Amino acid sequence: MSHLDELESESIYILREAFNRLGKIGLLWSLGKDSNVMLWLARKAFFGKVPFPAMHVDTGKKFKEMYDFRDRYATEWGLNFLRGECPPLSEIDPDLPPATRAAARKTEGLKRFLAEHQFDGVIAGIRRDEEALRAKERVFSPRQTTGEWDFRDQPPEFWNQYNTSFPPGVHVRIHPLLHWTEIDIWKYTLREGIPVIPLYFSRNGKRYRSLGDQDITHPVASEAATIPEIIRELETTTVAERAGRAMDHEAEDSFERLRANGYM
Amino acid sequence: MTEYTEPLQRESLKIAIVGHVDHGKSTLVGRLFHDTGSLPDGKYDAIRAMCEQRGMAFEYAFLMDAMQAERDQGITIDTAQIWFKTKKRDYVIIDAPGHTEFLKNMITGAASSEAAVLVIDAHEGVQEQSRKHGYLLHLLGVQQIAVAVNKMDMIGYDQGKFDAIEAEYRAYLASIGVTPTYLIPVSAREGDNIAGRSDNMAWYEGPTLVEALDSFRDTSLPVDAPLRLPIQDVYKFDERRILAGRIESGRLKVGDELIFSPSNKKARVKSIEAWSVRQAPEEASAGSSIGITLDHQLFIERGELASHLENPPLETDVFTARLFWLAHKPLEVGNRYTIKLHTGETQVEVQEIRTVINTDTLSEGKSDRLERNSIGEIVLRAKKMLALDSHDRIAATGRFVLIDNYHIAGGGIINMDGYADQRDLITRKSENITRVLHDVTEEARAVRNGHIGGVLWFTGLSGSGKSTLSVLVEKRLFQKGYQSYVLDGDNIRHGLNANLGFSPEDRAENIRRIGEVAGLFSRAGMVAITSFISPYRSDRDRARKTVGKNFHEIYIKADVAACERRDPKGLYKKARRGEIAEFTGVSAPYEAPTSPDLVVDTVARDIDACVEQIVDYIEEHLSTSRIRELDYSI
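Residues numbered from 1 in each chain as written. Chains lettered and ligands numbered in written order. Predicted model: local features only at pLDDT ≥ 70, side-chain atom pairs only at ≥ 80, totals over all residues.

Notes on the overall build of chain A
Phase 1: Secondary structure assignment for chain A yields seven helices and eight strands.
Phase 2: When each of the 264 residues of chain A is scored for burial, the buried share is 50%.
Phase 3: Within chain A, contacts between residues at least 6 apart in sequence are counted, and of these 75% link residues at least 24 apart. (Helix = DSSP H or I, 4+ residues; strand = E, 2+ residues; numbered from the N terminus. Buried ≥ 20, exposed ≤ 12 C-beta atoms within 10 Å, placed from the backbone. Contact = placed C-beta atoms within 7 Å.)

Pasting the structure below:
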């Protein structure tokens, strides 16, 4: 079994586990490369038909290419697509630094969306290698209904056994891509022929390595115009993946504060 | 567009590196990186510059720290987990830090590793932690162990000193049942016997550390082991009925006949379903998450374990396990937990805690509770039949976690020593059987005999007084006009059960047959008195089920000490000398009845009083003059 096969098999197992053990679940489709891989894996896990909704909590500030992608594949892949709205910025804590505040708007939108639809669990495409705090995550990660995450007191996961029993009122984040790396995502995207938003490819010496809201996401210097070139670039880079995400860098604990409040 | 082809498939192996805090673990890891050429460009120079700046000699341990820091910053170094590479394969190092949460780290780390490197300081020799780590690796089921005797440079590469450490540690490991695969003299600082052979130790003829690691087998995907496919879910999204699951061991082909345990239903694989593939797969092997359809429809649920007809899993509702407890609230006898065993989930009760192992001192003791971060040998009883394996045979279906209060509270590996595979006991092999109804009713027989039929099931330790009492009770009943007969262990083994030995399976079958025979006596209107140790609750419960309502469990109670004093057949002496293996009460468990119909205490009362007590009980429960609710009409 190749490394990608092992990752694929584990993710499929996790998706099936979530579908079997939890009540109402949905998959967060941020339209980025990771969540596209995740949707692809869900189609594999359930033999072509994703048996739960794919949800996009829309800030209204994404790139046009992202919306085009969403509209096309929601139909083409036969998804049960749900769109959530984010509240206006004026409703968000004004003490936060600007980009963090914009990201917090998305968190608030997500919270409202989950409350409205009463989900027991949501599947999110975070990866352990993205960011230090995410390295401490679990595959099945319980939150209180308020969305808070207590990463200091998590039961261990071992022997492929995930804890799937939770007290009433607790909702769960499921992370099928936790053990994937950025390179794995691209290698798999290439191998499977998964569609990619063109913003990831270099134009005029720059490309997006991570996609978020237009106003708080910046491209990085890169000549990589194809997936193989992206993979080669990543094999030698010393620049962090989220370097182009403004809110990570405003204050040392920005990301931690966002996460503690339920940011993905 | 440039074509990117996936590099040739490389194997990867997870290894744990453990050792006493100052015995040079980080240096060893740094060396492994450097000497196998696994370091990213410029890293070595950066560390050297850093060391020079601080006016110190090159320190490999900084590599670990620096790479860890990079990972923390989210910079992708190659891939996050593959740490070093040899020509043969990639290695993922699982670090098990030796601090307060040591056990938890060992479990989450070392338990999932295929092999381990245990680092010992040649200068300091075997330390308490070295012993502890060796022992824990053993408990966790890690069998491929390379012991790196480090800092050989500090003892002048002295063969004599190495030999002494080797002898001491091998003796210790042997005492806990571990045979280390290799003991290798190394110097991580100088690079002796890490990737290259050392000129400083020409006397050493074994492999280098890297050679040793490369020789270990990858057991994470046991494709050649018997097939185990736990059913995770059943999908009916369209006209197909797909059983989904991940193959934990072995392989499966279209057309294979499968048996699902514990329901023991059988069917053939009609297809292996897959989405977005050029051609439907014809076979699949360990590690794959698959979906299959069957040639005919079976009602199969999550938790069933599919295998081939050859080499199926064991079926049992009771087993022993070595358990690591992680929850704040201790585990206690009588407590109930949810067990997660492959995809199955059910309630279990802690029947017994046999030993508790203190992970600090490694001493074994008795206790009725297992505290956080400790290990014990326990007996668990499930509410229903489980399909499982001994961990040493098939790891994935031989380990489980316990859930308490919505958390994973502990993990255990299964040991089936002393317990029977109950598959044959619950599986009816012949088909097309129809029961014949009797014209003579139970009531009619009762009217003629003056009593109803029944089974008095004596259970108790060897020497508790079962045989003595059964013979006396039989005689008294006969005098009182009862139709009664004693079924005694040795007598039955001369005939009906002459083809059975003393393996757990044969013992269980012995009791099963006796239950059936006693049931026949009972239905014939007679009082059958059975006199067998019958130590297992599952066996007695099965007999109760066979016999039905007229089953009376009579606990002939005497503790081991009292029985050993009596020792009428001299068996305890033999057992203590080790001449009888698995002797109940000495080297095999006795599961006392939890709610017997009658307790006869042969220590507190003399024989006559005991006989009287049993006969009174029989008169009260079986005599027609005492029972009013029978309908005597015929």
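Digging into the overall build of chain B
Phase 1: Tallying secondary structure elements over chain B gives 16 helices and 29 strands in all.
Phase 2: Per-residue burial for chain B yields a buried fraction of 43% across its 634 residues.
Phase 3: When contacts within chain B are restricted to residue pairs at least 6 apart in sequence, those whose partners lie at least 24 apart make up 73%.

Some details on the domain arrangement of chain B
Phase 1: Entries for chain B in the domain assignment read domain 1 (12-215), domain 2 (229-308), domain 3 (319-417) and domain 4 (436-622).
Phase 2: Of note, the centres of domain 3 of chain B and domain 4 of chain B, computed from C-alpha atoms alone, are 32 Å apart. (Domains from an automatic or database assignment.)

What about the packing of helix H10 (residues 466-479) of chain B against helix H16 (residues 607-622) of chain B?
All names here are of chain B.
Phase 1: The interhelical angle for the contact between H10 and H16, taken along N-to-C directions, is 55°, at an axis separation of 10 Å. Considering their axes alone, H10 and H16 lie oblique with respect to each other. Crossing of H10 against H16: the hand is right-handed. Residues Thr468, Leu469, Leu472, Val473, Arg476 and Leu477 of H10 form the contact with H16, whose own contacting residues are Ile607, Cys610, Val611, Ile614, Val615 and Ile618. (Axes fitted to C-alpha atoms, helices over the stretch in contact; angles between N-to-C directions. Parallel < 35°, antiparallel > 145°, perpendicular 65-115°, else oblique. Left-handed = near helix turned anticlockwise from the far one by under 90°.)

Structural notes on the sheet that holds strand S6 (residues 171-174) of chain A
Residues and elements named next belong to chain A.
Phase 1: The mixed open sheet is built from six strands, whose spatial order is S3-S2-S1-S4-S6-S5. The open sheet has two edge strands, strand S3 (81-85) and strand S5 (140-143), and neither has a second partner. Shown here is a sheet whose adjacent strand axes are inclined to one another by a mean of 30°, direction ignored.
Phase 2: Pairing analysis gives three bridges linking strand S1 (residues 25-28) to strand S4 (residues 121-123), with the strands arranged parallel. Looking at the pairing, Leu27 lines up with Ile123 of S4.
Phase 3: Against the sheet, helix H1 (residues 3-21) engages S1, S4 and S6, with an angle of about 160° to S4.
Phase 4: Against the sheet, helix H4 (residues 98-117) touches strand S2 (54-58), S3, S4 and S6, its axis set at about 135° to S2. (Pairing = 2+ DSSP bridges.)

Let's talk about the nonpolar core
Phase 1: Ranked by internal contacts, the top residues of the largest apolar core, which has 212 residues, are A:Leu27, A:Ile123, B:Ile15, B:Ala116, B:Val147, B:Ala148 and B:Val149.
Phase 2: Not counting the four nearest positions on each side in its chain, B:Val149 is found in contact with B:Ile120, B:Ala122, B:Phe162, B:Ile165, B:Leu183, B:Ile184, B:Pro185 and B:Val186.
Phase 3: Formed by six residues, the second largest nonpolar core is a distinct cluster that contains A:Ile92, A:Ala99, A:Ala102 and A:Ala104. (Core = buried A, V, L, I, M, F, W, Y, C linked by C-beta atoms within 7 Å.)

Comments concerning the packing of helix H2 (residues 33-45) of chain A against helix H5 (residues 182-192) of chain A
Residue and element names in this part refer to chain A.
Phase 1: It is the contact of H2 with H5, at a shortest axis distance of 10 Å, that shows an interaxial angle of 50°. In this view, H2 runs oblique relative to H5, as classed from their interaxial angle. Considering how the two elements wind past one another, H2 and H5 form a crossing that is left-handed. Contacts from Lys33, Asp34, Val37 and Trp40 of H2 reach H5 at Ile185, Tyr188, Thr189 and Glu192.
Phase 2: For the contact of H2 with H5, the per-class residue count stands at four nonpolar, one polar and three charged. (Nonpolar A, V, L, I, M, F, W, Y, C, P; charged D, E, K, R; others polar.)

A short note on the confidence of the model for chain B
Residue and element names in this part refer to chain B.
Phase 1: The share of residues in chain B with pLDDT of 70 or more is 89%, and the mean pLDDT across the chain is 86.
Phase 2: Per-element confidence in chain B is highest for strand S7 (residues 229-230), whose mean pLDDT is 98, and lowest for helix H3 (residues 61-72), whose mean pLDDT is 62.
Phase 3: A low-confidence stretch, residues 73-81 (pLDDT under 50), is modelled with 32 contacts involving residues beyond four sequence positions or located in other chains.
Phase 4: Interface scoring of the predicted complex returns ipTM 0.89; its pTM is 0.78. (pLDDT = per-residue confidence, 0-100.)

Points about the sheet that holds strand S9 (residues 242-246) of chain B
Residues and elements named next belong to chain B.
Phase 1: Read across the open sheet, the seven strands follow the order S7-S15-S11-S12-S14-S9-S8; overall the sheet is antiparallel. Of all strands in the sheet, those with a lone pairing partner are S7 and strand S8 (233-235), marking the two edges.
Phase 2: Two elements, S7 and strand S15 (residues 305-308), share two bridges in a ladder whose sense is antiparallel. Note on S15: the bridge partner recorded for Leu229 is Ala306.

What about the environment of B:Ala116?
Residues and elements named next belong to chain B.
Phase 1: Along the chain, the position of Ala116 falls in strand S4 (residues 115-121).
Phase 2: Owing to 28 C-beta atoms within 10 Å, Ala116 belongs among the buried residues under this scheme.
Phase 3: Distance from Ala116 to Ile533, taken between C-alpha atoms, is 44 Å for residues 417 residues apart in sequence.

With respect to helix H6 (residues 159-175) of chain B
Residues and elements named next belong to chain B.
Phase 1: Here H6 is 17 residues long and its end C-alpha atoms lie 24 Å apart, about the 24 Å a rise of 1.5 Å per residue gives.
Phase 2: Looking only at H6, the buried set comprises Phe162, Ile165, Tyr169 and Leu173. End-on, the buried residues of H6 take up no more than an arc of 65°, which puts them together on one face. Away from the buried face of H6 by more than 90 degrees, exposed residues Gly160, Ala167, Ala171, Ala174 and Ser175 are located.
Phase 3: The secondary structure elements touched by the buried residues of H6 are S4, helix H5 (128-139), strand S5 (144-150) and strand S6 (182-185).
Phase 4: Just downstream of H6, Gly177 is the residue with a positive phi angle, here 85°. (Expected span 1.5 Å × (residues − 1). Arc of directions from axis to C-beta.)

A few points about the environment of B:Asn335
Phase 1: Along the chain, B:Asn335 turns up in the loop between strand S17 (331-332) and strand S18 (336-341).
Phase 2: Remark: the alpha-carbon pair of B:Asn335 and B:Glu349, spanning 14 residues in sequence, is separated by 5.7 Å.

Some details on the pairing of strand S1 (residues 12-19) of chain B
All names here are of chain B.
Phase 1: Counting buried positions along S1 gives seven out of eight residues, so the element sits mostly inside the fold.
Phase 2: By the bridge criterion, five bridges tie S1 to S4 in an arrangement that is parallel. Each bridged residue has a counterpart across the sheet, and for Ile15 the counterpart in S4 is Ala115.

Brief notes about unusual backbone geometry
Phase 1: A cis amide bond, omega 5°, links B:Ser261 with the succeeding residue B:Pro262.
Phase 2: Its place among the elements puts B:Pro262 in the loop between strand S11 (257-261) and strand S12 (265-273).
Phase 3: In this model, A:Trp159 sits at a positive phi of 55°, which is unusual for a non-glycine residue.
Phase 4: Inspection of the secondary structure assignment puts A:Trp159 in the loop between S5 and S6.
Phase 5: Phi at B:Asn311 is positive, roughly 55°, even though this residue is not glycine.

Overview of helix H6 (residues 227-236) of chain A
Each α-helix turn comprises 3.6 residues. Residues three or four places apart therefore point the same way.
Residues and elements named next belong to chain A.
Phase 1: Within H6 the residues assigned to the buried category are Ile227, Ile230, Ile231 and Leu234. Looking down the long axis of H6, one finds its buried residues gathered within 100° of arc, a one-sided arrangement.
Phase 2: Of the surrounding elements, those touching the buried residues of H6 are H5.

Thoughts on the pairing of strand S16 (residues 314-325) of chain B
Residue and element names in this part refer to chain B.
Phase 1: The element S16 is extensively covered by neighbouring structure, given that 12 of its 12 residues are classed as buried.
Phase 2: Taken together, the 11 bridges between S16 and strand S22 (residues 374-388) define a ladder with antiparallel strand orientation. Within the sheet, the bridge partner assigned to Glu315 lies in S22 and is Ala387.
Phase 3: Relative to strand S24 (residues 407-415), S16 runs antiparallel, the two sharing six bridges. Each residue of the ladder has a partner; that of Ala321, found in S24, is Ile414.

Looking at the environment of A:His56
All names here are of chain A.
Phase 1: Among the secondary structure elements, His56 is positioned in strand S2.
Phase 2: Sequence spacing of His56 and Asp184 is 128 residues, and the spatial spacing of their C-alpha atoms is 24 Å.
Phase 3: Apart from the residues lying within four places of it in its own chain, the contact partners of His56 are Trp29, Leu31, Arg70 and Arg83.

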